[in-house]
Amino acid sequence: MRILRSLGALLIALATGASAPSDELQRDADALHALGVPGVQARLVTGAGPDRVVTSGVADLRTGRPVPPDGRFRIASTGKAFTAVVVLQLAGEGRLGLGDPVERWLPGVVRGNGNDGRRITVRQLLQHTSGIQDDIPDQTTAAGFELHRYDVWTPRQLVARAMAHPPVAGWHYANTGYLLLDLIVERVTGRAWYDEVERRIVRPLGLTATSWSGYSPALPEPHARAYQPFEGGAPVDVTEQVVADTGSAIVSTTRDVTTFFRALFGGRLLRPAQLAEMTRTVPVAPELDALLPGARYGLGIFQRPLPCGGMYYSHPGGWGGYLTDNGVTADGRRGVVVSASGVAGDDPLRQQRAADALVEGALCGAVTGRAGSGR
C-alpha cells in the first residue's frame with residue numbers, strides 16, 4: 001500500500017503541477033527494502049547537476065554493513081542490450097544482415113525437434129520471435145544450489161539442451177537466442193563476444209567498473225551480498241556462484257549502466273538507421289505483459305509507458321540473487337538504475353511493481369533539484 005500511495009502522490013503532483021518531494025527516490029528505495037529485499041541502491045542521472053544516489057537496507061545480513069552506493073552487481077538480462085548494440089553495429093558496418101539466417105553463421109547448430117536455423121533470422125533472435133525455448137539449469141532448492149553452484153556450462157551445451165524442445169509460436173523470451181547471438185558475434189569478428197562489447201562499448205564510454213565474470217564465481221569489490229529464499233525459507237547467500245548463462249554474467253554498477261543507456265539513446269553508440277531498428281517494437285507475450293504492463297519489445301530493448309505520459313526504454317535483469325531495473329527517456333537525457341541484492345519472498349510481481357514505481361517516478365521527475373551526495 002505504501003508503494004501505491006507513493007505513486008498516487010506522484011501522479012497528483014504531476015497533474016497539479018506541484019513539486020514532488022526531493023526524497024521520493026529514497027522513499028521508493030525504502031519501499032523496496034520494506035518488502036524484504038536485503039539491500040537496494042538506486043541512481044538517477046538527469047544531466048543537470050550531480051547524480052542523485054540513494055541506498056536502503058544492508059549489504060550483508062550477517063554483519064549489517066551498509067550498502068555501497070557504487071556497488072557492483074550482476075546485470076543479468078540487462079546485458080542483452082549490450083549484445084544487441086554490438087550486433088546492430090556489425091549490421092551497420094555491413095558485416096552481417098538482420099535478415100541473415102542463423103544457419104549462415106552457425107551451420108548445423110540450430111537443428112532438431114522442429115528447430116531450424118535455416119528459417120530463423122538474426123532479427124528474430126534479437127526480437128525473441130525465433131520460437132526457441134530455454135533449457136538453462138536453474139536451482140530451485142537450497143540443496144540443489146549448494147550442489148551445483150560451481151557447475152560450468154558452455155553456450156553450445158546450453159543451445160544443445162534447448163534443441164531438445166520443440167519451438168513455440170509467437171513472441172517468447174529466450175536467453176538461448178542471445179547465447180546464439182554471442183556465438184554469431186564471435187563467428188563474424190573472430191573475437192570473443194565480450195571482447196567486442198569491451199572494444200565497442202565499455203572502453204569508448206569509460207565504463208571502468210564494468211567487466212565480465214565468465215566462469216568465475218566471485219564478484220569484484222565493492223558489492224552487496226546477494227540472497228535468494230528457496231522454498232519459502234530463510235534467505236540463502238548466493239553471491240558466490242558460476243552463472244550458467246554466461247551471457248548474463250556481465251558485472252557493472254548503477255553509474256556505468258546509466259552511462260550506457262544515456263549514450264545509447266543519446267545517439268553515441270548506433271547510427272540513426274540501427275537505432276530505429278532497435279526501437280521498432282512488437283507486442284510481448286501475455287504472461288510477460290502481466291509482469292511489465294504495456295511493454296513492447298524491440299531488438300534487445302523494452303519500450304514501456306510512463307504514468308505521466310509518453311514512454312521510456314528499459315531492460316530489467318535478474319540472476320544470481322541480484323535483480324536490476326532501469327529506464328531511460330527516448331532522448332537519453334534522464335536515466336535511472338536500481339539494483340536489489342535479493343528476492344523478496346516468492347512474489348516477483350510485487351517486487352517488480354515496487355521497482356517500476358521507483359524507475360517511473362524518477363523518470364517522470366519525482367526527484368528534482370536537490371541531488372544526493374553520491375555517498
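Since we're looking at a predicted model, the values are computed, not measured. (Residues numbered from 1 in each chain as written. Predicted model: local features only at pLDDT ≥ 70, side-chain atom pairs only at ≥ 80, totals over all residues. Heavy atoms only, no water.)

### What about the overall build of the protein?
Just so we agree on the cut-off: In this description a helix means any DSSP run of H or I spanning at least four residues, a strand means any run of E spanning at least two, and both kinds are numbered starting from the N terminus. Burial classification: accessible surface area is computed with a 1.4 Å probe over protein chains only, and a residue below 20% of its type maximum counts as buried, one above 50% as exposed, and the rest as partly exposed. For this analysis, residues touch if any pair of their heavy atoms sits within 4.5 Å. To measure how exposed things are, a 1.4 Å probe is used in the Shrake-Rupley method; for residues, cover is taken only from the protein chains shown.
Looking only at helices and strands, one finds 13 helices and 16 strands in the protein. Dimensions along the principal axes, computed over C-alpha positions, put the protein at roughly 60 × 50 × 40 Å. Taking all 375 residues of the protein together, 57% fall into the buried category. Within the protein, contacts between residues at least 6 apart in sequence are counted, and of these 70% link residues at least 24 apart. When the accessible surface of the protein is split by element, carbon and sulfur atoms take 52% of a total near 14,900 Å².

### So, the pairing of strand β2 (residues 52-57)
As a reminder of what qualifies: Should DSSP find at least two bridges between two strands, the strands are regarded as paired.
Counting buried positions along β2 gives five out of six residues, so the element sits mostly inside the fold. Relative to β2, strand β1 (residues 39-45) runs antiparallel, the two being bridged by six bridges. Bridge pairing in β2 links Ala42 to Val54. Linkage of β1 to β2, two consecutive antiparallel strands, is achieved through a turn of six residues, within which Gly47 is found at a positive phi near 85°.

### What to know about the side chain of Asn175
Its location among the elements puts Asn175 in helix α8 (residues 175-189). The class for Asn175 is buried, based on a relative accessible area of 13%. With near-sequence residues (within four places) excluded, Asn175 lies in contact with Ser77, Lys80, Asp134, Ile136 and Asp245.

### What about the confidence of the model for the protein?
Filter applied, for reference: Per-residue confidence from the predictor is reported as pLDDT, a score between 0 and 100.
Counting all residues, the mean pLDDT for the protein is 91, and 91% of those residues have values of 70 or more. Counting interchain partners and residues more than four positions distant, the pLDDT-below-50 stretch residues 1-22 has 25 contacts. Note on residues 366-375: pLDDT is under 50 here. Beyond four places in sequence and across chains, it has 30 contacts.

### Quick notes on the pattern of salt bridges
A side chain of one charge can pair with a side chain of the opposite charge if their charged atoms are brought near each other. What counts here: Any Lys or Arg side-chain nitrogen located within 4 Å of an Asp or Glu carboxyl oxygen qualifies as a salt bridge.
Tallying each qualifying case throughout the model produces 23 salt bridges. For Asp116, the salt bridge identified is with Arg119, shortest N-O distance 3.8 Å. You can call Asp116 buried: its relative accessible area is 12%. Among the ionic pairs, Arg304 bridges to Asp356, the shortest N-O distance being 2.9 Å. Residue Arg304 is located in strand β12 (residues 302-305), and its partner Asp356 is located in helix α13 (residues 348-363); the two are separated by 52 residues in the primary sequence. One salt-bridge network, held together by shared partners, links Glu93, Arg95, Arg191, Glu196, Arg199 and Arg200.

### Digging into the packing of helix α7 (residues 155-162) against α8
Cut-off, in case you're wondering: As a rule, the C-alpha atoms of each element are fitted with a line to give its axis, helices using only the stretch in contact, and angles between N-to-C directions run from 0 to 180 degrees. Oblique is the label for any angle not covered by the other classes, which are roughly parallel (under 35 degrees), roughly antiparallel (over 145) and roughly perpendicular (65 to 115). Here is the rule for handedness: rotate from the far helix to the near one, and if that takes an anticlockwise turn smaller than a right angle the crossing is left-handed, while a clockwise turn gives right-handed. All amino acids are sorted into three groups, where Ala, Val, Leu, Ile, Met, Phe, Trp, Tyr, Cys and Pro are nonpolar, Asp, Glu, Lys and Arg are charged, and the leftover types, Gly among them, are polar.
Here α7 crosses α8 at 135°, and the two axes come no closer than 10 Å. Comparing their axes, α8 and α7 come out oblique. As α7 runs across α8, the sense of the crossing is left-handed. Of α8, the residues touching α7 (which contributes Pro155, Arg156, Leu158, Val159 and Ala162) are Thr176, Leu179, Leu180 and Leu183. Of the residues belonging to the contact of α7 with α8, the class tally is seven nonpolar, one polar and one charged.

### With respect to the environment of Gly327
Here Gly327 lies in strand β15 (residues 322-329). Since its relative accessible area comes to 2%, Gly327 is described here as buried. In sequence terms Gly327 and Ser211 are 116 residues apart; their C-alpha atoms lie 21 Å from each other. Residues contacting Gly327, with those up to four places away along its chain left out, are Tyr312, Tyr313, Ser314, Arg334, Gly335, Val336, Val359 and Leu363.

### A few points about the packing of helix α3 (residues 79-92) against α8
In the contact formed by α3 and α8, the axes pass within 10 Å of each other and the chain directions differ by 40°. Classified by the angle between their axes, α3 and α8 sit oblique to one another. α8 is crossed by α3, and the crossing has left-handed handedness. Together, Lys80, Thr83, Val86, Val87 and Leu90 of α3 and Asn175, Tyr178, Leu181, Asp182, Val185, Val188 and Thr189 of α8 make up the contact between the two elements. In the contact of α3 with α8, the residues fall into seven nonpolar, three polar and two charged.

### Things to note about the environment of Ile132
Here Ile132 shows up in the loop between α5 (122-127) and α6 (142-148). With a relative accessible area of 0%, Ile132 lands in the buried category. When the C-alpha atoms of Ile132 and Val236 are compared, they prove to be 32 Å apart, with 104 residues separating the residues in sequence. Once you skip the residues sitting within four places of it in the chain, Ile132 turns out to touch Val110, Asn115, Ile120, Leu125, Ala162, Met163, His172, Ala174, Thr176 and Leu180.

### Section: the sheet that holds strand β6 (residues 211-212)
Backbone hydrogen bonds hold the strands of a sheet together, and the pairing may be parallel or antiparallel. Strand order in the open sheet made by the three strands is β3-β9-β6, with antiparallel pairing throughout. With partners counted over all chains shown, the strands left at the sheet margins are β3 (73-74) and β6, one partner each. For β6 and strand β9 (residues 250-252), the ladder comprises two bridges, and the chain directions are antiparallel. Note on β9: the bridge partner recorded for Ser211 is Val251.

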